[in-house]
Amino acid sequence: MLALLADGVPATVKKYPLPVLLTVFQKVGDALAFAHSRHVIHRDLKPENIMLGDFGSVLLMDWGLAKVIGQKEAPAAAVARSAIFSARAADGQASETLAGPIMGTPAYMSPEQARGEIDALGAAGDIYALGAILFEILHLRPAVTGRAALDIVDKVTRGEVEWSAPSSSPGGPKVKKTNPPPASLLADLETSKPPAHQFFADRLRKILSAQIAPEFIVRPEGPITTADSEPEPDVAIVRGPAESYRHAHPATAELVAEIAVTSVAIDRVKAQIYAEAGVKEYWIVCPEEKVVEVYRQPSPSGYGERIVVAPPALLECVALTGVRVDLATFFA
């Protein structure tokens with residue numbers, strides 16, 4: 001229905017002016033409040049799960065991911081990884097439900113849900129999804145978009161919201177345009193990258209920059225364009241010169257590293273993306289556990305080798321001769 005409003009379909013525009021949409025939204029909130037009063041969270045709120053009757057009734061559907069707060073979850077590792085990647089190739093990735101360590105629909109997930117922190121989810125995650133739905137009612141587009149589901153999940157974990165004035169579509173709700181949110185509000189949204197993330201990312205870039213051969217360059221948080229995604233790793237070492245990437249991002253890398261202070265679930269999912277792109281070596285750096293997950297031997301089906309390295313070991317990059325990290329010093 002929101003898609004029809006965005007397209008300006010006359011019958012839909014006439015039937016669903018803003019007051020009607022907000023009434024529907026309020027009824028969804030009432031249904032959710034009842035569920036929360038029974039200690040049940042939905043975990044997959046989105047416009048596609050809201051059904052409208054002919055006489056004003058509103059039904060909140062699809063409770064397949066619902067959870068009773070306080071009850072233990074089945075082990076997420078038992079869910080096949082293919083359930084996550086099936087969403088990448090589908091149309092409308094923003095509304096595709098993911099299963100596995102990361103459950104829900106990318107464009108409506110809270111940051112903690114996108115990070116796979118299942119035990120941390122509560123009523124606040126559903127409230128976040130309600131806010132995302134209200135954003136879409138006013139803007140006639142999701143609050144977060146991307147080329148693939150994984151791109152959207154990655155943005156959500158970083159607290160990125162694509163702010164703009166409310167929709168100017170002929171079918172859009174007639175609301176007063178406002179200025180973009182203040183910088184202080186945007187700063188508050190960047191809750192998923194604690195100081196430790198930036199600290200270790202900067203430290204790793206400095207170490208790698210001092211060791212790589214002249215024909216390679218270090219790219220901090222620069223996109224890598226793959227077949228159906230565009231992740232932005234914390235650190236990537238690619239073959240130079242830098243001028244070759246003036247008009248296009250690199251399609252692969254010699255080494256990619258992600259700092260996983262709070263994002264280890266999504267970073268493990270990215271391993272498949274980087275393997276398909278032919279990234280020779282992938283590191284997931286976990287400062288809290290003081291370990292590095294190392295992935296090597298990429299192929300279209302994934303990495304053939306995975307090892308975990310911890311201090312006092314010396315982490316050597318097989319893909320780049322002479323590049324090594326003293327983990328005892330690095331994690332000190």
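Now for a quick tour of the structure. (Residues numbered from 1 in each chain as written. Predicted model: local features only at pLDDT ≥ 70, side-chain atom pairs only at ≥ 80, totals over all residues. Heavy atoms only, no water.)

A word on the packing of helix 7 (residues 149–157) against helix 10 (residues 264–276). Interhelical geometry of helix 7 versus helix 10 gives an angle of 150° and a closest axis separation of 11 Å. Relative to helix 10, the element helix 7 lies roughly antiparallel. Relative to helix 10, the crossing made by helix 7 is left-handed. Taking contact as the criterion, the partners of Leu150, Val153, Asp154 and Thr157 in helix 7 are, on helix 10, Ile266, Val269, Lys270 and Ile273. (Axes fitted to C-alpha atoms, helices over the stretch in contact; angles between N-to-C directions. Helix = DSSP H or I, 4+ residues; strand = E, 2+ residues; numbered from the N terminus. Parallel < 35°, antiparallel > 145°, perpendicular 65-115°, else oblique. Left-handed = near helix turned anticlockwise from the far one by under 90°. Contact = heavy atoms within 4.5 Å.)

Turning next to a nonpolar patch on the surface. A contiguous nonpolar surface patch, about 250 Å² in accessible area, is contributed by Met51, Leu59 and Met61. In this fold, Leu59 is placed in strand 3 (residues 58–60). The class of Leu59 is partly exposed, set by a relative accessible area of 48%. (Patch = residues over 30% accessible without salt bridge, like charges linked within 9 Å, V, L, I, M, F, W, Y side chains within 5 Å. Areas by Shrake-Rupley, 256 points an atom, 1.4 Å probe, with all protein chains shown as cover. Salt bridge = Lys/Arg side-chain N within 4 Å of Asp/Glu carboxyl O. Buried < 20%, exposed > 50% of the residue type's maximum accessible area, 1.4 Å probe, protein only.)

Okay, the packing of aromatic side chains next. In this structure the tally under the stated criterion is seven aromatic pairs. With 5.9 Å between their ring centres and 55° between their planes, Tyr295 and Tyr303 make a pair best called tilted. You'll find Tyr295 and Tyr303 in the same group, each marked buried. (Phe/Tyr/Trp six-rings, centres within 6.5 Å; stacked < 30°, edge-to-face > 60°.)

Okay, the pattern of salt bridges next. Under the defined criterion, the tally for this structure stands at 17 salt bridges. Between Glu293 and Arg306 there is a salt bridge, and its shortest N-O distance comes to 3.4 Å. In this pair, Glu293 is assigned in strand 9 (residues 291–299) and Arg306 in strand 10 (residues 302–309), connecting sequence segments 13 residues apart. Notably, a salt bridge pairs Glu316 with Arg324, separated by 3.7 Å at the nearest N-O pair. The class for Arg324 is partly exposed, based on a relative accessible area of 36%. Counted as one network, the salt bridges with shared partners bring together Asp154, Arg158, Glu160, Glu232, Glu258, Asp267 and Lys270.

This part is about helix 3 (residues 18–37). Compared with the 28 Å implied by 1.5 Å per residue over 20 residues, the 28 Å span of helix 3 between its first and last C-alpha is a close match. Taken residue by residue, helix 3 has Leu18, Leu21, Val24, Phe25, Val28, Leu32, Ala35 and His36 as its buried positions. Along the axis of helix 3, the buried positions cluster into a sector of 125°, meaning they face one direction only. Away from its buried face, by an angle of more than 90 degrees, helix 3 presents the exposed residues Pro19, Gln26 and Phe34. Elements in contact with the buried residues of helix 3: helix 1 (2–6), strand 1 (40–41), strand 2 (50–52), strand 3 and helix 6 (123–139). His39, located one to two residues past helix 3, shows a positive phi value of around 65°. (Expected span 1.5 Å × (residues − 1). Arc of directions from axis to C-beta.)

As a further point, take the packing of helix 3 against helix 6. Close contact between helix 3 and helix 6 brings their axes to 11 Å; oriented N to C, the two are set at 170°. Judged by the angle between their axes, helix 3 and helix 6 are roughly antiparallel. Residues Leu18, Leu21, Leu22, Phe25, Val28, Gly29, Leu32 and His36 of helix 3 form the contact with helix 6, whose participating residues are Ala123, Asp126, Ile127, Leu130, Ile133, Leu134, Ile137 and Leu138. Broken down by class, the residue content of the contact of helix 3 with helix 6 amounts to 13 nonpolar, two polar and one charged. (Nonpolar A, V, L, I, M, F, W, Y, C, P; charged D, E, K, R; others polar.)

We now examine the pairing of strand 9. With six bridges connecting them, strand 8 (residues 281–286) and strand 9 associate as antiparallel partners. Its bridge partner lying in strand 9, Glu281 is registered against Arg296. In the sheet, strand 9 pairs with strand 10 via seven bridges, with the strands oriented antiparallel. Bridge pairing links Tyr295 to Arg306 in strand 10. Where strand 9 folds back onto strand 10 in an antiparallel hairpin, the turn is made up of two residues. (Pairing = 2+ DSSP bridges.)

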